[in-house]
Amino acid sequence: MMIRRILIPLFCLMNVLMPRMGVAAPLQLDEVLATVRTQYPPLLAAWLQQDIASGRIRQAEGAFDPMLVASLNFRPLDYYEGANMSFLIDQPLLSGGSVYAGYRLSTGSLPSYDRKDRTSSSGEAVMGARIPLLRDRTIDARRANLGKAAVDRELADPLILRQYLTFHRAARIAYYNWIAAGRRLAVAEDVLRVAKQRDEFLQKQSEAGAIAPIVLVDNRRLVVSREIAVLNANRRFEATSIELSLFLRDTKTTEPILPLRGQLPAGFPQPQSVDQLQFVSDRARATFRRPEVREIDLLVRKGEIDKQLATNNLKPNLDLAMEMNRAIGHDVPKDIKETEINGLLRFSVPIGRNEAQGRLQDIEASIKQLQQRRQFACDQIQAESNNTYQEVSTAYAALDQSKLNVKLARELEAAESDRFKQGATDLLALQIREQATLDAQFLEIDAFLAYFRALADYAAAVATDAPNSLMGAKK
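What counts and what doesn't
The residue count restarts for each chain, going from 1 along the sequence in the order it is written. Per-residue local features of the predicted model are confined to residues with pLDDT of at least 70, and side-chain atom pairs are confined, for both listing and counting, to 80 or more; whole-chain, interface and lining totals are unaffected and use all residues. With hydrogens and water set aside, each side-chain value is computed from the structure's full complement of heavy atoms. Lines fitted to the C-alpha atoms define the axes, with helices restricted to the stretch that makes contact. Angles between their N-to-C directions range from 0 to 180 degrees. Here a helix means four or more residues in a row that DSSP labels H or I, a strand means two or more in a row labelled E, and each is numbered from the N terminus. Every angle not falling under 35 degrees, over 145, or within 65 to 115 is termed oblique; those three ranges are roughly parallel, roughly antiparallel and roughly perpendicular. For any pair of crossing helices, the crossing counts as left-handed if the nearer helix is rotated counterclockwise from the farther one by less than a right angle, and right-handed if it is rotated clockwise. Contacts were defined at the residue level, with two residues in contact if any of their heavy atoms lie within 4.5 Å. By the convention adopted, Pro, Cys, Tyr, Trp, Phe, Met, Ile, Leu, Val and Ala count as nonpolar, Lys, Arg, Asp and Glu as charged, and the other residues, Gly among them, as polar. If DSSP finds at least two bridges between two strands, the strands pair. When a residue's accessible area, from a 1.4 Å probe over protein chains only, is under 20% of the maximum for its type it is buried; when over 50% it is exposed; and in between it is partly exposed. The reported arc concerns the directions from the helix axis to the C-beta atoms and nothing else. Only one rule defines a salt bridge in this text: a Lys or Arg side-chain nitrogen within 4 Å of an Asp or Glu carboxyl oxygen. Working definition of a nonpolar core: buried Ala, Val, Leu, Ile, Met, Phe, Trp, Tyr and Cys residues. They are joined through side-chain atoms within 4.5 Å. To estimate the expected span of a helix, count its residues, drop one, and scale the result by 1.5 Å. Each residue carries a pLDDT score, the predictor's own confidence in it, on a scale running from 0 to 100.

## Thoughts on the packing of helix α7 (residues 291-312) against helix α8 (residues 354-421)
The interhelical angle for the contact between α7 and α8, taken along N-to-C directions, is 165 degrees, at an axis separation of 9 Å. Viewed along their axes, α7 and α8 adopt a mutual orientation that is roughly antiparallel. In this structure, α7 meets α8 at a crossing whose hand is left-handed. Contact with α7, carried on its side by Glu-292, Val-293, Ile-296, Asp-297, Leu-299, Val-300, Gly-303, Glu-304, Asp-306, Lys-307, Ala-310 and Thr-311, involves Ala-356, Arg-359, Leu-360, Ile-363, Glu-364, Ile-367, Leu-370, Arg-373, Arg-374, Ala-377, Cys-378 and Ile-381 of α8 and no other residues of that element. In terms of residue class, the contact of α7 with α8 is made up of 13 nonpolar, 2 polar and 9 charged.

Given below as structure tokens:
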């Protein structure tokens, strides 16, 4: 409400001043679309989805960050009074498992049979690896999360593209609504001017006694009604201007720019029919250019990662652990070799697998569901392309009829005006002809608007505005 209170008075003032100044260049659609791509806040917000997805990738990569593990084990009330401590850096591997290295030291007296806790007095260097041989060999939860985060990064593109196309369509329609409202205002002002000119003529006729005073009153009533029509048309033009200002932005401040009446083009752009061969090409590319199918394909990829993880969880655990210890210093106990290598092979298998099997069943059904959605999305894109093409063709064909309707209405109005000046008809008959011309002109404006709206729908349906690269569009 506050924006409207500021913009509307400013709009009225500038519309009065700008025609006198005569410096405003006609506003073109390309200018509007250019600012939508670079300055429109909702689209700028959509671009941030890429940064959000990149942050999630980094978050998933955090599962592979090295970790410092320190431990202290002491026995204050045991037969053997001693302690051991270790400092290890554990590094998870993208190929599965992990490697670690560090330092271990024991103090006091510890049993000779407890080799894993005893070291030389100077301690020992430790390095080792844990390698899964069955379960978690090709995939585990960490790698699955990283893979899905990478897919989410790709999913940002169709999400952005969907809004990109939606905002372009809305900007096109707002632009053509603005032109249509400007044309309606011009037509309303034209018929008002005609009524006022006739009022001067009838005033002289009435003063000379050539017409009854009631005729002058009737024409003045017509002037008042047309003044009201001009006010309504002007308000409609103000509304479309404010709506268009949401898309037309200052390149430095991104603030809305209110388009002025002096920036109106002379009329609608020259309509052109959509060639049949061009339509076939557009429709064939629409499936690949629109975001719906790409989005579903990426969701299927995420589902396949979940499926791999669920299949992995059905496997038994068979893990190999290897560790090498190298004593430090020269005071190495006789029962401890300077370099030792130990290995451990561990096998385990869950007796019940309901959780993993249920998860796998759930994922497989979800993937099949997505595949059905993909097929329907392809069909829907084809249907929308066909429908909007027919809509454009029909609207284009209606333009010639609307132009002919205006031409015939003007001929009849001109003939009736001549008869009125000659006294062969009355004012009511002339008003009827003028109203018919006015209605024909409005219908012509509506026909042009319907055509360009259909063209905007067609552009969205076949993704005409889709850039070859979203990164290139962002620049």
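Still more to cover.
## With respect to the pairing of strand β2 (residues 82-92)
Alignment of strand β1 (residues 67-74) against β2, held across 8 bridges, turns out to be antiparallel. Along β2, the bridge assignment pairs Val-69 with Leu-88. Two elements, β2 and strand β3 (residues 98-108), share 11 bridges in a ladder whose sense is antiparallel. Bridged to Ile-89 within β3 is Ala-101.

## Describing helix α2 (residues 29-39)
By the burial criterion, the buried members of α2 are Leu-29, Val-32, Leu-33, Thr-35, Val-36 and Gln-39. Seen from one end, α2 has its buried residues packed into an arc of 165 degrees, which puts them on one side.

## Here's the deal with the pattern of salt bridges
Applying the stated criterion to the full structure yields 28 salt bridges. A salt bridge links Arg-301 to Glu-154, with the nearest nitrogen and oxygen atoms 2.9 Å apart. Of the two residues, Arg-301 is situated in helix α7 and Glu-154 in helix α4 (residues 141-207); the sequence distance between them amounts to 147 residues. By relative accessible area, which is 26% here, Glu-154 ends up partly exposed. One salt bridge connects Glu-227 with Lys-196, and the closest N-O pair in it is separated by 3.9 Å. Residue Glu-227 is located in helix α5 (residues 213-245), and its partner Lys-196 is located in helix α4; the two are separated by 31 residues in the primary sequence. The class of Glu-227 is partly exposed, set by a relative accessible area of 32%.

## Some words on the sheet that holds strand β5 (residues 317-327)
Taking strand neighbours across the sheet as the criterion, the 6 strands line up as β1-β2-β3-β4-β5-β6 in an open arrangement whose pairing is antiparallel. Each edge of the sheet is formed by a strand with only one pairing partner; in this case those strands are β1 and β6 (339-348). Across this sheet, the average inter-strand angle for adjacent strands is 20 degrees, counted without regard to direction.

## A short note on the pairing of β5
Sheet analysis places strand β4 (residues 124-132) next to β5, joined by 9 bridges and oriented antiparallel. Note on β5: the bridge partner recorded for Glu-124 is Ala-327. As defined by bridge partners, β5 adjoins β6 across 10 bridges and the pair is classed as antiparallel. For Met-324, the partnering residue across the bridge sits in β6 and is Ile-341.

## Regarding the nonpolar core
Among the nonpolar cores identified, the biggest contains 70 residues, and Val-32, Tyr-175, Tyr-176, Trp-178 and Phe-268 are the most heavily contacted of them. Elements supplying a minimum of two residues to this core: α2, α3 (41-61), α4, α5, α6 (276-289), α7, α8 and α9 (427-461). Per element, the largest residue contribution to this core is 19 residues, and it comes from α4. Ignoring any residue separated from it by four or fewer positions in sequence, one finds Phe-268 in contact with Tyr-176, Ile-179, Ala-180, Arg-183, Ile-445, Phe-448, Leu-449 and Phe-452. Counting 7 residues, the second-largest nonpolar core is a separate cluster that includes Ala-144, Leu-155, Leu-298 and Leu-309.

## Examining α8
The α-helix winds at 3.6 residues per turn, so residues separated by three or four positions along the chain end up facing the same way. With 68 residues, α8 should reach 100 Å at 1.5 Å per residue; the first-to-last C-alpha distance of 96 Å fits that figure. Gly-423 sits one or two positions beyond α8 and adopts a positive phi of about 80 degrees.

## Topic: the environment of Gly-62
Topologically, Gly-62 is positioned in the loop between α3 and β1. Placed 80 residues apart in sequence, Gly-62 and Arg-142 show a C-alpha to C-alpha distance of 9.3 Å.

## Some points on the confidence of the model for the protein
When pLDDT is averaged along the protein, the result is 86; 89% of the residues meet or exceed 70. No element of the protein has a lower mean pLDDT than helix α1 (residues 2-21), at 44, and none a higher one than α7, at 94. Contacts of residues 1-22 to residues separated by more than four positions or lying in other chains number 21 contacts, the stretch itself having pLDDT below 50.

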